[in-house]
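# Topology and contacts: notes
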Amino acid sequence: MFGASEDPLHQLVLEHGQRALHHADVLVLVVDGRDGLVPGDRAVAKVIRSLDSPVLLAVNKTDDRRAAAAVDEFHELGFEPVFPISAEHGTGVAELLDEIVKRLKERHRTDGEEAHAGEAAELGIAIVGRPNVGKSSLVNRLLREERMLVSDMPGTTRDAVDTILRWHRRAFRIVDTAGMRRPGRVARSGKVEAVSVLAARRAIEQADVVVLVVDAVEGATDQDGSIAGEVEQAGRGIVIAVNKWDLVKGQGPDFSADFDDKLRFQLKFLEYAPLIHLSARTGERTPKLLELIDTVAEARRTRVKTPELNRFVEEVTARNPPVSPGSRHVRILYATQTGIAPPTFIFFTNVATKFHFSYERFLVNQLRERFNFVGTPIRLQVRRRKARGA
Ligand code: GDP
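What this report covers is the structure whose coordinates are included nearby.

## Some details on the environment of I240
Relative to the helices and strands, I240 is located in strand β10 (residues 237-243). On a C-alpha basis, the gap between I240 and H277 in space is 8.7 Å, while along the polypeptide they are 37 residues apart.

Okay, here's the thing in structure tokens:
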């Protein structure tokens, strides 16, 4: 951040700041609203206008009425939009942060998450699970039933093959289907597991959404738990597909609910993952799986606007104030979403702190409910709001 005044140090700051200015991705010019537009502001504006970085103009101290009234003067500098803020009270800061993040994203569009944007975007789908749960059958069923245009193309690793599946206006790229068709059936117990976890990890890395396939007869195992952990850590979306449901259909009215309860208990930290019963053999509910994948992919890329997010923060903290391990009184001042895929939030607080584990979980669950983050992990950071001028 960079500011001006009529201070004799001004020229020095200007010179010293030059190097930083030339390397900045976004420049924020902070002016003092109480002083109104002063010649020093014009001088700095002139310098930074000649650089090729985007410039945001923040008029500070607008908690003061005189400063608030002076905001309009600053449009003369030609930087739009102008952000009236109060660093001391925190007003307007969230909007400014949002804009900074947006500009940064624009600058780095090609090397970051936004690379997914646009028409040609394909959604990477990894279908993972233990050998014999029906992964290959499921892929074949999806391809057949949806009468998709199918093409095999070389994947990134030597013998990996990706399959493209078109559904409505989406293109799903099912990653590493070759690895899937090569189950380690011959290996003795233990060895099979290790091999398929490795294969799964590679597929997960390339995916946006992971379908964890579980066998309806056998239920989930520890290995499913560790795959699920990989998915969560990698920040991928997830859907749990219980396959071979045709085999358990005559099991009585409670079977379904009991099965789900047990599965949810075993994969405890995946409570946010949608669960579907289906059959690759009969094709029952397989189209619904594609819908779920699509929903999760959308949720994972959802961006909440800062004002909306902060209304949420106000409501939630009014009902349930933050709990942190320290004894100091903690307040959440505002929050901003800094990323998608997976959605990532920073909560700014009055003091340096961590939230209590259970409070963090509470916030994540509330975010999930309010903004419909189905099937995606959510990342949350807590940061102390920097003191004025820092
Ligand atoms: P993968 O190792 O996970 O790819 O599993 P496969 O697709 O090779 O399937 C393993 C076995 O389960 C095969 O004999 C399939 O015919 C069978 N199978 C797959 N899906 C279903 C299903 O929905 N219902 C039933 N009854 N059998 C299935």
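## Considering the environment of P131
Checked against the element boundaries, P131 lands in the loop between β5 (122-128) and α5 (135-145). Residue classification places P131 among the buried positions, given a relative accessible area of 19%. Taking the C-alpha atoms as reference points, P131 and D215, 84 residues apart in sequence, are found 9.9 Å from one another.

## Structural notes on the pairing of strand β14 (residues 379-384)
In terms of strand pairing, strand β13 (residues 344-349) meets β14 through 6 bridges, oriented parallel. When the bridges of β14 are listed, F345 appears paired with L380. Viewed along the sheet, the connection from β13 through helix α12 (residues 357-371) into β14 turns out right-handed.

## Some details on the packing of helix α11 (residues 306-319) against α12
Where α11 meets α12, the closest approach of the two axes is 11 Å, and the angle between their N-to-C directions is 130°. On the basis of the axis angle, α11 is oblique to α12. Relative to α12, the crossing made by α11 is right-handed. In this structure, α11 uses E308, L309, F312, E315, V316, T317 and R319 to contact α12, whose residues at the interface are Y359, F362, L363, Q366, L367, R370 and F371.

## Concerning unusual backbone geometry
Geometrically, the link from A341 to P342 is a cis peptide bond, its omega value of 5° lying close to zero. Tracing the sequence through the fold places P342 in the loop between β12 (332-339) and β13. Positioned with a positive phi, K61 is a non-glycine residue whose angle comes to about 70°. Within the element layout of this structure, K61 appears in the loop between β3 (55-60) and α3 (65-70). Of note, the phi angle at K244 is positive, near 65°, even though the residue is not glycine. Considering the arrangement of structural elements, one finds K244 in the loop between β10 and α9 (255-266). The exposure class assigned to K244 is partly exposed, which follows from its relative accessible area of 23%.

So, how was this worked out
Residues numbered from 1 in each chain as written. Predicted model: local features only at pLDDT ≥ 70, side-chain atom pairs only at ≥ 80, totals over all residues. Heavy atoms only, no water. Helix = DSSP H or I, 4+ residues; strand = E, 2+ residues; numbered from the N terminus. Buried < 20%, exposed > 50% of the residue type's maximum accessible area, 1.4 Å probe, protein only. Pairing = 2+ DSSP bridges. Right-handed = clockwise from strand over helix to strand, strands pointing away. Axes fitted to C-alpha atoms, helices over the stretch in contact; angles between N-to-C directions. Parallel < 35°, antiparallel > 145°, perpendicular 65-115°, else oblique. Left-handed = near helix turned anticlockwise from the far one by under 90°. Contact = heavy atoms within 4.5 Å.

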